[in-house]
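In case you want the letters, here they are:
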Amino acid sequence: MVRPYTITRGRTAPERDDFSLITVLTTADEAVDEHGTPLRVGRLQPEHRMILDRCRRPAAVAEVAAGLDLPVSVTKILLADLVGQGLLLARAPLAVARASGGADMGLLAAVRDGLRRL
């Protein structure tokens, strides 16, 4: 377990605790600070670069962790680093569904009923 410890620089918990396994992540198109100045990517670890590459298309936290072959807890720490730097955007999955026209409640009810019958 030395590698995850070194990847996170000894941290055991992310700075933000609002990531769930299905939180959707996307790479920020143009990372800027609160004054509108473009952010320069500092020295990123290879795992950070892999996350940014993977999140060019929306991906869930669980997908990113599986792609990195790292524990979810370690992945969340790396994700929080990137979100904090403005390089990655995190959205709750429901917000994504609403943005794309909303969830079809009839379809969701049909799936629920089908699962109950199993």
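A. Main features of the sheet that holds strand β3 (residues 88–91). A sheet is described by the order of its strands in space; here three strands give the open sequence β2-β1-β3, paired in antiparallel fashion. Both edges of this open sheet fall to β2 (59–60) and β3, since each of them pairs with a single strand only. Here strand β1 (residues 24–27) runs beside β3; their pairing, made up of four bridges, is antiparallel. Among the inter-strand pairings, Leu 25 is bridged to a residue of β3, identified as Ala 90.

B. Geometry of helix α2 (residues 46–54). Buried within α2 are the following residues: Glu 47, His 48, Ile 51 and Leu 52. Seen along its axis, α2 keeps its buried residues to an arc of 140 degrees; they face one direction.

C. Expanded view of the environment of Asp 81. One can find Asp 81 in helix α4 (residues 72–84). A polar side-chain atom of Asp 81 sits 3.2 Å from a polar atom in the side chain of His 48.

D. Fine view of the confidence of the model for the protein chain. The share of residues in the protein chain with pLDDT of 70 or more is 66%, and the mean pLDDT across the chain is 77. Mean pLDDT per element in the protein chain: helix α5 (residues 93–99) is the minimum at 60, and helix α3 (residues 61–68) is the maximum at 91.

Calculation notes
- Residues numbered from 1 in each chain as written.
- Predicted model: local features only at pLDDT ≥ 70, side-chain atom pairs only at ≥ 80, totals over all residues.
- Heavy atoms only, no water.
- Pairing = 2+ DSSP bridges.
- Helix = DSSP H or I, 4+ residues; strand = E, 2+ residues; numbered from the N terminus.
- Buried < 20%, exposed > 50% of the residue type's maximum accessible area, 1.4 Å probe, protein only.
- Arc of directions from axis to C-beta.
- Polar contact = N/O pair within 3.5 Å; in protein donor to acceptor, adjacent residues only side chain to side chain.
- pLDDT = per-residue confidence, 0-100.

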